[in-house]
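Coordinate analysis (summary)
Residues per chain, in single letters:
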Amino acid sequence: MELNKKVEDFKAYLDRINTFNSAMSILSFDSSTIAPAGGIALRAKRMGFLQLEIFKMTTGEEIKGYLEALAPHLDELDKPTQAMYKKAKKKYDELTKIPPEKVQEYATLTEEAESVWAQARKDNDFAAFAPYLSRLIAFNKEFLILRADEMPEGGKPYDILLDDFEAGMTIEKYDDFFEKLKAVVVPLIKQIAASKKEIQTDFAKYHVDIPAQRKISDRLAEQIGFDISRGYIGEAAHPFCGGPDKTDVRITTRYDENDFLSSVYSILHECGHAIYEQNIADEIADTTLGTGTSMGIHESQSRFYENVIGRSLAYWQYLTPSLKEILPQEFANITPLMFFEAANKSQPSLIRVEADELTYGLHIVIRYEIEKMIFAGEVEVNDLPALWNKKYAEYLGITPPTDADGVLQDIHWSIGMFGYFPTYALGSAYAAQLLYYMNKEMDVDALIAKGEFATITKWLEEKIHKHGSVYTPNELMELNFGEQLNGEYYAKYLKDKFTALYELLC
Ligand code: ZN
């Protein structure tokens, strides 16, 4: 009885933290979309204040009391309550090592750095962003020293950041994963470069005005199951998914008049994230478990909708007639196969978010290797543009002509996200593994061709979405499939798809 009361109070306390976090998510969405540039200083102050309040609640005497009181009774708690406890405890352990004034200073810095980065990218001016990036890295290195006890045995400080974004992942595991990926992708890229296969893509660059693209985009979101009554679609230079909970999921996308496929895939990707959030079980929706369990699993959902569904021939068989309805003249003579091939044409390119499915992983390898060097103290901030360009030349055979197309292209570092990029590659790997198991129960291509996305989404909801953060990625995969992440499904998926597409000899 007394334990029940303690658990109830603990949950009520977490609910207060969760409510503050929800408010922060709305401010942060505004800040990345519609908030005016002139408001930076006061906005940064407001967000810094809220961040500090959240920090105090996550690390104060009250939460400490609950964590200590419940610790001896963990086995008596149900699985969701255990998960809430573990999440709160991990956060508490992480944050009690960092002084509160540092946290506020850091929050203010990231808010400013994001705006400076956006301007620097526009102006192609890495030097303007460099001092901010240096300070962001210095802060993180300082934090990692304070968290040194979280390092795995024989590990490095960067391991702690990797684990923050994907519980259980380490440099050792990523090194192994990326080496296996490189072993498949690098030879495939060479074979494709030597292949005689001609893929026509000119129609993908036809001018399609933005209102028409918006119409297509909104329709795609609705068709694959994004519930607009509990969501919002806005615009941002770097599309993302945000919002406080399953009843208010906000995504952004972007439109390019001369590249309508880019907006097609941007909306599918962000809808994948959004549908995950919208399908979390009601019982846990308004709790600290009411969000996706990890970056890797989250990205597996976006990649599933974007690539596994969106870049399949079956999807183009389904979509082509309705595209022709909206743009009858432009696409009069284009067949589903032509769309499919154009959407999968593989060619080394500069911009990660526009990379094809095959070369995408190499963009992640580059960021991973650079971050690893940053946190091992093996590279200075001023040398990052040159290092970036060197790696692009080495892996992809191309050199960015400007830093805006190179080291400045991603928002992540400007908001202090180090250790996040590698999870993007995990997403594709999980997605391929999910497809393998889904195909054992249903004919996935046949469903896609008929536009029966609800059946696919239902399967994902049962296996992944509804659980929110109740299970860790490893637990979730084992629960469903009796095995953890296995990169071999991804390697086979890429090899099969691109060998067939380019009619290569195996
Ligand atoms: Zn994503």
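Everything discussed here concerns the structure shown above.
All values derive from a computational prediction rather than experimental measurement.

With that settled, consider the overall build of the protein chain. Helix and strand content of the protein chain: 21 helices and three strands. For the protein chain, the spread of C-alpha atoms along the three principal axes comes to 70 × 50 × 45 Å. Looking at the protein chain residue by residue over its 506 residues, the buried ones come to 55%. Within the protein chain, contacts between residues separated by at least 24 positions form 73% of all contacts whose residues are at least 6 apart in sequence. A total of about 22000 Å² of accessible surface is found on the protein chain, and carbon and sulfur atoms cover 53% of it. Considering the protein chain, the positive charge centre built from 54 side chains and the negative charge centre built from 79 side chains are found 1 Å apart.

This brings us to the layout of surface pockets. In this structure, the second largest pocket encloses a volume near 450 Å³. Considering the residues around the second largest pocket, the lining is formed by 19 residues, among which Leu435, Asn439, Tyr493, Asp496 and Lys497 are closest to the centre. Going through the elements one at a time, α12 (295-309), α17 (422-441), α18 (444-449) and α21 (488-501) are the ones with two or more residues in the lining of the second largest pocket. Looking at which element gives the most residues to the lining of the second largest pocket, the answer is α21, with five residues. Here the residues of the lining of the second largest pocket sort into ten nonpolar, three polar and six charged.

Two descriptors summarise a pair of aromatic rings, namely the distance from one centre to the other and the angle between the planes of the rings. Scanning the entire structure with this criterion turns up 38 aromatic pairs. Ring geometry for Phe10 and Tyr66: centres 6.0 Å apart, planes at 55 degrees, overall tilted. With a gap of 56 residues between them, Phe10 in helix α1 (residues 2-32) and Tyr66 in helix α3 (residues 61-70) connect regions that are remote in the sequence. Tyr66 gets classed as buried once you look at its relative accessible area, which sits at 13%.

Between helix α8 (residues 171-194) and helix α15 (residues 360-375), the shortest axis-to-axis distance is 10 Å and the interhelical angle comes to 140 degrees. For the pair α8 and α15, the crossing hand works out as left-handed. For the pair formed by α8 and α15, the contact residues are Ile171, Tyr174, Asp175, Phe178, Leu181, Lys182, Val185, Val186 and Ile189 on the first element and Gly361, Leu362, Ile364, Val365, Tyr368, Glu369 and Lys372 on the second. The residue makeup of the contact of α8 with α15, split by class, is eleven nonpolar, one polar and four charged.

To continue, consider the pattern of salt bridges. All chains considered together, the criterion is met by 39 salt bridges. The shortest N-O distance in the salt bridge between Lys205 and Asp259 comes to 3.7 Å. Of this pair, Lys205 sits in the loop between α8 and α9 (210-224) while Asp259 sits in the loop between β3 (248-253) and α10 (260-278), and the two are 54 residues apart along the sequence. Classification of Asp259 by relative accessible area gives buried; the value is 14%. Residue Arg311 pairs with Glu306 through a salt bridge whose shortest N-O separation is 3.0 Å. Glu306 shares its class with Arg311; the two are buried. Salt bridges linked by common partners bring Lys90, Lys91, Glu94, Lys97, Arg147, Asp149, Glu150, Asp163 and Asp164 together as one network.

Along an α-helix, a turn takes 3.6 residues, which lines up residues three or four apart on a common side. If you check helix α6 (residues 126-146), its first and last C-alpha atoms are 30 Å apart, about what 21 residues at 1.5 Å a residue would give, namely 30 Å. Those residues of α6 not exposed but buried are Phe126, Phe129, Ala130, Leu133, Leu136, Ile137, Phe139, Asn140, Phe143 and Leu144. Packing partners of the buried residues in α6 comprise α5 (100-123), α7 (157-165), α15 and α16 (384-396).

Our next topic: the environment of Ile366. Checked against the element boundaries, Ile366 lands in helix α15. Among the residues examined, Ile366 registers a relative accessible area of 0% and is labelled buried. Between the C-alpha atoms of Ile366 and Phe481, which are 115 residues apart in sequence, the distance is 31 Å. Those residues within four positions of Ile366 in sequence are excluded, and the remaining contacts are Lys391, Tyr392, Tyr395 and Leu396.

Cut-offs and rules
- Residues numbered from 1 in each chain as written.
- Predicted model: local features only at pLDDT ≥ 70, side-chain atom pairs only at ≥ 80, totals over all residues.
- Heavy atoms only, no water.
- Helix = DSSP H or I, 4+ residues; strand = E, 2+ residues; numbered from the N terminus.
- Buried < 20%, exposed > 50% of the residue type's maximum accessible area, 1.4 Å probe, protein only.
- Contact = heavy atoms within 4.5 Å.
- Areas by Shrake-Rupley, 256 points an atom, 1.4 Å probe, with all protein chains shown as cover.
- Lys, Arg positive; Asp, Glu negative; His and termini not counted.
- Charge placed at Lys NZ, Arg CZ, Asp CG, Glu CD.
- 1 Å grid on protein atoms, 1.4 Å probe; cavity = no way out; pocket = protein on both sides within 12 Å on 5 of 7 lines; lining within 4 Å.
- Points joined across faces, edges and corners; volume = space filled by probe spheres on them.
- Nonpolar A, V, L, I, M, F, W, Y, C, P; charged D, E, K, R; others polar.
- Phe/Tyr/Trp six-rings, centres within 6.5 Å; stacked < 30°, edge-to-face > 60°.
- Axes fitted to C-alpha atoms, helices over the stretch in contact; angles between N-to-C directions.
- Left-handed = near helix turned anticlockwise from the far one by under 90°.
- Salt bridge = Lys/Arg side-chain N within 4 Å of Asp/Glu carboxyl O.
- Expected span 1.5 Å × (residues − 1).

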